[in-house]
Every structure is written in structure tokens, then in C-alpha cells.
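Single-letter residue listing:
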2 protein chains.
Amino acid sequence: MSTGVPEGYDPHAFPPFAVTVDLAVFTVRDAALHVLLVERGQEPFRGGWALPGGFVLPRESADEAARRELAEETGLGPDAVDSLHLEQLRTYTEPDRDPRMRVVSVAYAALLPDLPEPRGGGDAASAKWWDAGVTGPLAFDHDRILTDARDRIGAKLEYTCLATEFCPPEFTLGELQQVYETVWGVELDRPNFRRKVLSAPGFVEPVDGPPRRTGGRGKPAALHRAGGATALHPPLLRPQPTDAPLSRPEGRTPWPSPPEG
Amino acid sequence: MSTGVPEGYDPHAFPPFAVTVDLAVFTVRDAALHVLLVERGQEPFRGGWALPGGFVLPRESADEAARRELAEETGLGPDAVDSLHLEQLRTYTEPDRDPRMRVVSVAYAALLPDLPEPRGGGDAASAKWWDAGVTGPLAFDHDRILTDARDRIGAKLEYTCLATEFCPPEFTLGELQQVYETVWGVELDRPNFRRKVLSAPGFVEPVDGPPRRTGGRGKPAALHRAGGATALHPPLLRPQPTDAPLSRPEGRTPWPSPPEG
DNA sequence: GCAATAGTGTCTCTCAGACACTATCGG
DNA sequence: CCGATAGTGTCTGAGAGACACTATTGC
């Protein structure tokens, strides 16, 4: 952009770009990562499933568009939508990613606690939570967006306190551990997880109210809420998958995707 | 985008979005992080400095546009530009970020070794390397983009092998350490740095050719080249800035920006 | 000789993984 | 009693920080 508008550039001269947002809205439900999908009511991909999203309006930013769409699709109140964590993932710009016209899409990820039955409001009549591991082929390049979103969230759990976004305002350490285990697809040692979480300054803080509550049977657990910290130092690293010998690979693997704010 | 084009949507109906790329091109020179800036030849911000960049053409992706612009601004050959690491940072979409029209910009970071005198080719007659720490106010929102880019690169050095992108094809461990020290703005212990780098599988590998070379005086150093790995496990964590007591802050700090591929 | 850089070795402290053990609930 | 979940304590091995020491160059 620094070189300015080309000489004689006319905004209406060539087919314009449309700009959209696509949302990967995640929640942890029944020990599985779930993502919110909507059924398409028109071509292309009519009857197929896609990530919720929509056009960025002429006078709003992509962030505002994402929150507006999120409110429409989930039926959450404006306050709830304003306060939750929206993470811009990356922007998808392949010229043919939408067969109708040139569309670049800014992708976002959002993390929600498992709500009683969130969606409802929007124009997309049929929105549904899907197990993020078993979604069929999605419309457009949404499979790739979804994969990128999962990778990003998983990476970000390592060095941020983001996991609490999946939890209700008050939660047990068991529930927090469940978030990590679900997103990473691994089992963690409970004593070590507790030690790590409790020693991280500002990650969680105890709630002194009735120190009890549980899902089924077993000893009631103490409640916690998110602390003031957002970064996690030192990070809570994912266990190394030791299936491969971890030797030097021949070709370069793709560069890892770290988190972004 | 999943909800489709609005009823009666006409691509030419409302003022279209222009899509640009902006590039934060970094190199390490004289123990300081440098960034490539171009002087603007027209309004707005005429005579001011800005990140290089330009419009995404109707039939190219943002990645292709970024590589094309990079080749134009630096004078690097197409092969060199094709092979280097380009990292999409994020997309800036504030409605008024460009006073002329609605422009969304996809920002990229690129890492180059310190070249003999890289720039030259492009339409921007005056491109210059600036110390990234002392750039004045830049055009548009480029100060923010530059800050975000520095943060991202710094974070990504921790858990990727990206630092070798700042180095020539063959380099000494001292030069590699200089990259970390420059980007992070800290001093590292040489023996510990060596141990860490050499024990990370696939980070660097020795070059058996003439095992010598140095910048000034002192013992000649063995040469290395980048290994096949891209991820760094376990990560090479930045030393904790112990200036603040690292207590729990009152309000939430912004979410950290991890790397993205 | 000295300064400067490269490279080796070692000690210690922290922390993560593993795991044994106790506590409190529903049945 | 049992099973299930919560919570505590301890041992150990890997690794980071600190730092002493040697090696090889230019001057």
C-alpha cells in the first residue's frame, strides 16, 4: 500500500474484492472438541455445511463484523459477544476460493464454554455443533480453515491462559484439564497438571464460595476462576509425540503456527 | 461467507474494498534489527516513510502479491524470493486506515540475511534499511504493523528454527547467537546457547568444508548450515525479564501473539 | 605478551514426568 | 464395602543458568 494507488486507479475500474469473515467457533462438549457449522441454503455448496460468517460491511472492521456474525449465529447477547476472546487466524486469498467472485476472507477463532443451547438467532436456520474431528468436507476452503484453527488453538494453549475461555466463569481444575486433554488429544497427569496450573501466576485463582461441586460422583472439587494473566510463563508444553523417532526429517516441514493476538 | 452473497448483491453496488499487502522485511545488520522502508512519492503521507507493499492483482493471491512486491523492492531474483520464508502476520481492516478509500491490508513479515546492497529494482526509487528501533512515525498504521511484526518474529524464534533465515547459507554459531540477541534485545550465555542449538535435532548441521572463518580477530569458527527441522523442541525460551516482580496484574494484558505459518 | 572470539566441562537449581498415597463423595 | 474423582507428597532425570577453563587467532 505504501506505493499508493496506481496512476489512474479507479476503485470501480476492475472487479472489486469482496471481504468476508469466517468463524471457527469452538467449544468442549462431552470430552470432544465441537465446532459450530451452518447449513448452506443456496448455491454454491447448497445443502453443504460451512463455517458461519458473512460480509464485512462498508463501515465496519473485520473484528466488528466477526462479533456481529457471532451474535447472529449463536444468539448470544451483545455483552457476552463483546467480552469473549476473538482471535484472528489468517486471511485466505486464493483467487478461486469462491466460484462466484473474488472474495478474500479473514478467518477468526472463538472459544465458548459449553452453553445450554447457544445458537438460535441468526439468518442461518440450521446451525449445529459438530464434533470437530468428524466433520465431512465443508464448503469452500473451510476444511483448511478449520484445520488451521485447530492447530492454532492447540498451540496457543501451551503459552497462554486461553483454556479458561472454554470454561464457565467458575470451574474446577478437572474441567480445565479436560479442555487441554480434549484439544490436544492426550491424557495428562492430574497431580502434575495441578502443580503447573496453580504455580503459574495469574492463571487461575480460587473462589472461596461453597468449595464444592462435581459432575457425577467423587469428591467435590474446589472452584476457580480465570486470573488476570493472559500469557503463561513458563509454558505448559504438550507432551512430545514419541511415536516417530524425532530424527531430522529429510525435507523441511511446514513452519509451525504459533498463536496470534 | 457461508451465508452466501446477500439477496440482490451486486459486486459493483457499493464502494468496493481494495486489498493490499504490506511487508515488514527484516535483516540483522551491525547487531541491530533493520527493516526495509520506502519513501512515499505521493499523497497521503507524501515524503513520509512506509512499509513496502502494493495492491493484490485480480488474479493473484496475497502470497503471490507479497513475493512480487518483495522482488520489486529488494531487487532479489525470482528464485531467491520464491525460496525465502514469508509469514502472514495478520490483516488490518480498520475502515479509516487509508484516507482515500476502503483498503484492507494483509501484512507479511520476511527475514533476509544481511545482503551486500539488496534493494534497487522496484518502482520505489528510495528504499532504505532502517534500524527497526528508531523508525519515526510511519505512514498509515504501519507503526502498529511493524510493532506486531517484531513481536511475532521474536516469539517465533523461541519455538522454530526461523533464526537461520537471517543467516547466509553457511554461518557460525556466533552469528546465529547474534540473531537471537539482536531480535530479543538480550545477551545470551555462549556455552549454553551452543549446547542448546547443537542438541536440537535438525536445527543446524556442521559443514565439513574448511572449518574456519571469522569476522574480525579471534579463533576461527566452524561453519554450519540450517538443518531440516523447522520446529524447535523443546523451545529456546527467551530469558524472563525480571524487571517487574511478575506478580499477577490487575487488568488482563493483551493476548500474546504467537507465530503463524 | 594482550584482547578477542571459539569451544569444553561442570555444578546446581528448577521443573516436568511418574507414581504412591490419602480424602471425600455416591452407590 | 466399592468405584470414582479430588488433592498431597516424593523421587528422579532432563535441562537451563552460571561460570571456570582451554584453544586459536590478530595485534
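Residues numbered from 1 in each chain as written. Chains lettered and ligands numbered in written order. Predicted model: local features only at pLDDT ≥ 70, side-chain atom pairs only at ≥ 80, totals over all residues. Heavy atoms only, no water.

### Describing the overall build of chain A
Here is step 1: The helix and strand tally for chain A stands at five helices and nine strands.
Here is step 2: Going residue by residue from the N terminus, the α and β elements of chain A occur as β-β-β-β-α-α-β-β-β-α-α-α-β-β.
Here is step 3: Relative to its full complement of 261 residues, chain A shows a buried share of 52%.
Here is step 4: Of the contacts formed within chain A by residues at least 6 apart in sequence, a portion of 67% connects residues at least 24 apart.
Here is step 5: Carbon together with sulfur atoms contributes 53% to the accessible area of chain A, which is approximately 11600 Å² in total. (Helix = DSSP H or I, 4+ residues; strand = E, 2+ residues; numbered from the N terminus. Buried < 20%, exposed > 50% of the residue type's maximum accessible area, 1.4 Å probe, protein only. Contact = heavy atoms within 4.5 Å. Areas by Shrake-Rupley, 256 points an atom, 1.4 Å probe, with all protein chains shown as cover.)

### Details of the protein's contact with DNA strand C
Here is step 1: As a matter of local geometry, DNA strand C sits amid 20 residues, with N192(A), R195(A), R190(B), R194(B) and A222(B) nearest to it.
Here is step 2: R195(A) is positioned with one of its side-chain polar atoms (N or O) 2.7 Å from a base nitrogen of DNA strand C.
Here is step 3: K219(B) places a polar main-chain atom, nitrogen or oxygen, 3.3 Å from a base oxygen of DNA strand C.
Here is step 4: Elements with a minimum of two residues in the surface near DNA strand C: helix 5 (190-199) of chain A together with helix 5 (190-199) of chain B. (Near = heavy atom within 4 Å. Polar contact = N/O pair within 3.5 Å; in protein donor to acceptor, adjacent residues only side chain to side chain.)

### Observations regarding the protein's contact with DNA strand D
Here is step 1: Neighbouring residues of DNA strand D: 19 residues in total, closest R190(A), R194(A), A222(A), R195(B) and R212(B).
Here is step 2: The sugar and phosphate moieties of DNA strand D supply 49% of its atoms located within 4 Å of the protein.
Here is step 3: Measuring from a base nitrogen of DNA strand D, one finds a side-chain N or O atom of R190(A) at 2.3 Å.
Here is step 4: A distance of 2.9 Å is found between a base nitrogen of DNA strand D and a side-chain nitrogen or oxygen belonging to N192(B).
Here is step 5: The element best represented in the surface near DNA strand D is helix 5 of chain B, accounting for four residues.
Here is step 6: When the residues that make up the surface near DNA strand D are grouped by side-chain class, the tally is six nonpolar, three polar and 10 charged. (Nonpolar A, V, L, I, M, F, W, Y, C, P; charged D, E, K, R; others polar.)

### Describing the packing of helix 4 (residues 173-184) of chain A against helix 5 of chain A
Residue and element names in this part refer to chain A.
Here is step 1: For the pair helix 4 and helix 5, the least separation of the axes is 11 Å and the interaxial angle reads 100°. One element, helix 4, and the other, helix 5, form an angle in the roughly perpendicular class. Residue-level inspection shows L173, L176, Q177 and Y180 of helix 4 in contact with helix 5, the latter providing R190, F193, R194, V197 and L198. (Axes fitted to C-alpha atoms, helices over the stretch in contact; angles between N-to-C directions. Parallel < 35°, antiparallel > 145°, perpendicular 65-115°, else oblique.)

### A look at the nonpolar core
Here is step 1: Within the largest apolar cluster, 46 residues are counted, with the highest numbers of intra-cluster contacts made by V25(A), Y108(A), V25(B) and Y108(B).
Here is step 2: Apart from residues no more than four positions distant in its own chain, V25(A) is found in contact with H34(A), V35(A), L36(A), L70(A), A110(A), L112(A) and W129(A). (Core = buried A, V, L, I, M, F, W, Y, C linked by side-chain atoms within 4.5 Å.)

### What to know about the pattern of salt bridges
All names here are of chain B.
Here is step 1: One pass over the structure, following the stated rule, counts 26 salt bridges over all chains.
Here is step 2: One salt bridge in this structure joins R29 and D114, with 2.9 Å as the shortest N-O distance. Of this pair, R29 sits in strand 1 (residues 18-29) while D114 sits in the loop between strand 6 (103-112) and strand 7 (127-131), and the two are 85 residues apart along the sequence.
Here is step 3: Residue D114 is classed as partly exposed on the basis of its relative accessible area of 37%.
Here is step 4: Put simply, R68 and E72 hold a salt bridge, and the shortest N to O gap is 3.6 Å. Of the two residues, R68 and E72 both sit in helix 1 (residues 62-74), four residues apart, roughly one turn of that helix.
Here is step 5: Relative accessible area serves as the criterion here: at 24%, R68 is assigned to the partly exposed category. (Salt bridge = Lys/Arg side-chain N within 4 Å of Asp/Glu carboxyl O.)

### What to know about the environment of E72(A)
Here is step 1: E72(A) gets classed as partly exposed once you look at its relative accessible area, which sits at 28%.
Here is step 2: Spatially, the C-alpha atom of E72(A) lies 38 Å from that of P234(A), the residues being 162 residues apart in sequence.

### Remarks on the confidence of the model for chain A
Residue and element names in this part refer to chain A.
Here is step 1: Put simply, chain A has an average pLDDT of 86, and 82% of its residues get 70 or more.
Here is step 2: When pLDDT is averaged over each helix and strand of chain A, the minimum, 89, is found for helix 2 (residues 78-83) and the maximum, 98, for strand 5 (residues 86-92).
Here is step 3: Segment residues 1-8: pLDDT under 50, and 35 contacts once partners within four positions in sequence are set aside and those in other chains are kept.
Here is step 4: In the predicted structure, residues 244-250 sits below a pLDDT of 50 and forms five contacts with residues beyond four places in sequence or in another chain. (pLDDT = per-residue confidence, 0-100.)

### Notes on helix 4 of chain A
Residue and element names in this part refer to chain A.
Here is step 1: If you check helix 4, its first and last C-alpha atoms are 17 Å apart, about what 12 residues at 1.5 Å a residue would give, namely 16 Å.
Here is step 2: Burial analysis of helix 4 places nine of its 12 residues in the buried class, the great majority of the element.
Here is step 3: For helix 4, the full list of buried residues reads L173, L176, Q177, V179, Y180, E181, T182, V183 and W184.
Here is step 4: The elements touched by buried residues of helix 4 are strand 1 (18-29), strand 2 (32-39), helix 3 (142-159), helix 5, strand 8 (204-206) and strand 9 (224-226).
Here is step 5: Once helix 4 ends, the next one or two residues include G185, with phi positive near 70°. (Expected span 1.5 Å × (residues − 1).)

### Some thoughts on the state of the cysteines
All names here are of chain A.
Here is step 1: For the coordinates displayed, the defined rule picks out zero disulfides over all chains.
Here is step 2: For C161, which is in no disulfide, the shortest distance to another cysteine sulfur is to C167 and amounts to 12 Å.
Here is step 3: Look at C161 and you get buried, because its relative accessible area is 1%. (Disulfide = S-S within 2.5 Å.)

### Considering helix 3 of chain A
Here is step 1: Taking 1.5 Å per residue, 18 residues should reach 26 Å; helix 3 of chain A reaches 26 Å between its end C-alpha atoms and fits that length.
Here is step 2: Of all 18 residues making up helix 3 of chain A, 13 are buried, and the element is well covered by its neighbours.

### What about the pairing of strand 5 of chain A?
Residues and elements named next belong to chain A.
Here is step 1: The element strand 5 is largely enclosed, with a buried count of seven among its seven residues.
Here is step 2: Inspection of the sheet shows strand 5 paired to strand 6 (residues 103-112) by six bridges, in the antiparallel sense. The partner of R90 across the bridge, within strand 6, is A107. (Pairing = 2+ DSSP bridges.)

### Structural notes on unusual backbone geometry
Residues and elements named next belong to chain A.
Here is step 1: With an omega dihedral of -5°, the bond running from E43 to P44 counts as a cis peptide bond.
Here is step 2: Its location among the elements puts P44 in the loop between strand 2 and strand 3 (49-50).
Here is step 3: For the bond running from H233 to P234, omega is -5°, close enough to zero to count as cis.
Here is step 4: Take P234: it is sitting in the segment after strand 9.

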